[in-house]
Amino acid sequence: MRITVSGAGYAGLVTAACLADFGHDVVSVDIDPSKIGMLQAGTVPMFEPGLDEILDRTVAAGRLRFTTDYAAVPSETEVAFIVVGTPRYEDGSVDLTHVFAAVEQLAPRLSQGSTVVVKSTVPVGTTAQVAQSLAELRPGLGVFVAANPEFLRQGAAVQDFLTPERVVVGVDSPEAADAMRLVYQPLLHADVPFLFTTIETAELVKYASNAFLSTKLSFINEIADLCEASGAIVEDVARGIGLDSRIGSGFLRAGPGFGGACLPKDTQALLHTSRQFGTGSRIVGAALDVNEERIHRMVGKIEAAVGAPLAGRRVAMLGITFKADTDDIRESPAVEIVRELVEAGALVRLFDPQGLERAKSVVPPQVEFAADAYDAMTGADCVVIATEWKQFGTLDLDQLKDRVANPVVVDLRNMYDPATLAAAGIRYSSIGRRDI
Ligand code: UGA
């Protein structure tokens, strides 16, 4: 099929590359000339495991190309995916500017019977507005719409796209349903569960999923606090509840709170939408409150480990991305923790395997950047593990002790067995377990 994908961010680029890998003929359009320039030159503008191979393969096969110019999109496009960013406003509502700008740019390139698919995360009712807008821009053309939310996780995005647990498609016409079956034929063939539903339902499935995941995390994080106070062990509690299939074992790792470009924003947006509809979402609101307060709690943990006041204390910060295997630092708890530490007068020296470049324009200017984890530790009073990069779980503890006098590790991702650190003579504070 001839497919256009608007937006070459994490989700858009993965969508374009994977659809080309399915055998479709794909044009990826993005208004950012530097991003498209990099892609045209064969460089991937973000870190996402496995994406470079699939891009190389599909570009070499002539099935994927990049442009900033909608006029270069062939007018025989059969399916146009919109996968542009939907940032949030202060009040939690969603900025749909990029979605409707893409609709406007795509409209002249559409032909009779093509389908416009909204894959961006958009509030319930948006895809219907897209249909309305298309009817106004191209009256009488007969274009179909679908809502097809994306559930991929950064860091595992390619794998999630190629082997999803489910595909949700909201349609209001048999034509759009048929087009989506053709797009996803390889997944249908592989017996991936498909849910064909109404457009509004598909839109809401996405928000309900992310808000549920946020709630699960805030729940386990609060249980972790209770474990610390009571002497229970959060991993064992998580395992104990997760073995009940009604609860499920996934997404129960207690940590510094959830971040990233999606969970905080989408959870806030669901709250906003439910208020607009007058239904309220108290549970979701509480999940957000717990997450926000968690940053102070994490800084309090560091303060307790290193000794108050934090002013003048040297903190080696390991990790700035919102999770491992990505270079993304958007809404990362680590960024907020660094800000609070610097505000309290701590001297922060930071290392992250992929996030330093993006961190430079975001963290306070006082923060120093280290070449590796050991460089970050040199002369520190305390080592904080904020992101679960594998290399932070295999630190050479002798080197750590050489570089940090009276060493203490605050592990916000529970990467170590407390007994190991105790045996090495390192004080250790983690999440949902008693300090050693
Ligand atoms: C999330 C969802 O998991 C995806 O299904 C969804 O498609 C995506 O948002 C989106 O809406 O585009 P992502 O933002 O890539 O994916 O990250 P997650 O893996 O969900 O992690 C989110 C946050 O929760 C991170 O800060 C992570 O460290 C934290 N987390 C996750 C935990 O603290 N514990 C866990 O057990 C899992």
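All values derive from a computational prediction rather than experimental measurement.

Strand order in the open sheet made by the eight strands is β3-β2-β1-β4-β5-β6-β7-β8, with mixed pairing throughout. Two strands bound the open sheet, and with one partner strand each, they are β3 (64–67) and β8 (194–197). Direction aside, the axes of adjacent strands within the sheet are offset by 20 degrees on average. Two elements, strand β7 (residues 167–171) and β8, share four bridges in a ladder whose sense is parallel. Within the sheet, the bridge partner assigned to Val 167 lies in β8 and is Phe 194.

Our next topic: the site of the ligand. The environment of the ligand is formed by 21 residues, the closest being Phe 151, Leu 152, Gln 154, Lys 206 and Asn 210. Asn 210 is positioned such that a nitrogen or oxygen atom in its side chain is 2.8 Å from an oxygen atom of the ligand. Gly 259 is positioned with one of its backbone polar atoms (N or O) 2.9 Å from an oxygen atom of the ligand. When isolated, the ligand has an accessible area of 710 Å², and the protein chains bury 93% of it. Broken down by secondary-structure element, the contributors of at least two residues to the shell around the ligand are α9 (199–230) and α11 (263–276). Of the residues belonging to the shell around the ligand, the class tally is 10 nonpolar, four polar and seven charged.

Bringing the nonpolar core into the picture now. In terms of nonpolar packing, the biggest core is built from 62 residues, with Met 317, Leu 318, Ile 320, Ile 337, Leu 341, Met 377 and Leu 400 touching the most fellow members. Ignoring any residue separated from it by four or fewer positions in sequence, one finds Leu 318 in contact with Phe 351, Ala 373, Ala 376, Met 377, Val 383, Val 384, Ile 385, Ala 386, Thr 387, Phe 392 and Leu 395. In terms of nonpolar packing, the next biggest core, distinct from the first, is built from 42 residues, Leu 19, Leu 55, Val 167 and Phe 194 among them.

Let's shift gears to a negative patch on the surface. On the surface, a cluster of negative charge is contributed by Glu 222, Asp 289, Glu 292 and Glu 293. Tallying contributions element by element places helix α12 (residues 282–306) first for the negative patch, with three residues. Position of Glu 293 among the secondary structure elements: in helix α12.

Looking now at the domain arrangement of the chain. According to the domain assignment, the chain consists of domain 1 (2–197) and domain 2 (233–436). Its C-alpha centre places domain 1 at a distance of 33 Å from the equivalent point of domain 2. With 18 residues of domain 1 at the interface, the matching set in domain 2 holds 19 residues. The largest share of the area that domain 1 buries against domain 2 comes from Phe 47, Arg 88 and Gln 154, three residues that together contribute 45% of it. Applying the counting rule to domain 1 against domain 2 returns one salt bridge. Here domain 1 is connected to domain 2 by nine residue pairs in polar contact (both at pLDDT 80 or more). Class assignment for the residues of the side of domain 1 that touches domain 2 results in nine nonpolar, six polar and three charged.

For α11, with 14 residues, the first-to-last C-alpha span of 20 Å sits near the 20 Å given by 1.5 Å per residue. The element α11 is extensively covered by neighbouring structure, given that 11 of its 14 residues are classed as buried. What α11 keeps buried is the set Leu 263, Pro 264, Lys 265, Asp 266, Thr 267, Ala 269, Leu 270, Leu 271, His 272, Thr 273 and Ser 274. Phi turns positive, to about 75 degrees, at Gly 278, one or two residues after α11.

What counts and how
Residues numbered from 1 in each chain as written. Predicted model: local features only at pLDDT ≥ 70, side-chain atom pairs only at ≥ 80, totals over all residues. Heavy atoms only, no water. Pairing = 2+ DSSP bridges. Helix = DSSP H or I, 4+ residues; strand = E, 2+ residues; numbered from the N terminus. Axes fitted to C-alpha atoms, helices over the stretch in contact; angles between N-to-C directions. Near = heavy atom within 4 Å. Polar contact = N/O pair within 3.5 Å; in protein donor to acceptor, adjacent residues only side chain to side chain. Areas by Shrake-Rupley, 256 points an atom, 1.4 Å probe, with all protein chains shown as cover. Nonpolar A, V, L, I, M, F, W, Y, C, P; charged D, E, K, R; others polar. Core = buried A, V, L, I, M, F, W, Y, C linked by side-chain atoms within 4.5 Å. Buried < 20%, exposed > 50% of the residue type's maximum accessible area, 1.4 Å probe, protein only. Contact = heavy atoms within 4.5 Å. Patch = residues over 30% accessible without salt bridge, like charges linked within 9 Å, V, L, I, M, F, W, Y side chains within 5 Å. Salt bridge = Lys/Arg side-chain N within 4 Å of Asp/Glu carboxyl O. Lys, Arg positive; Asp, Glu negative; His and termini not counted. Charge placed at Lys NZ, Arg CZ, Asp CG, Glu CD. Domains from an automatic or database assignment. Buried area = accessible area lost by both parts, 1.4 Å probe. Expected span 1.5 Å × (residues − 1).

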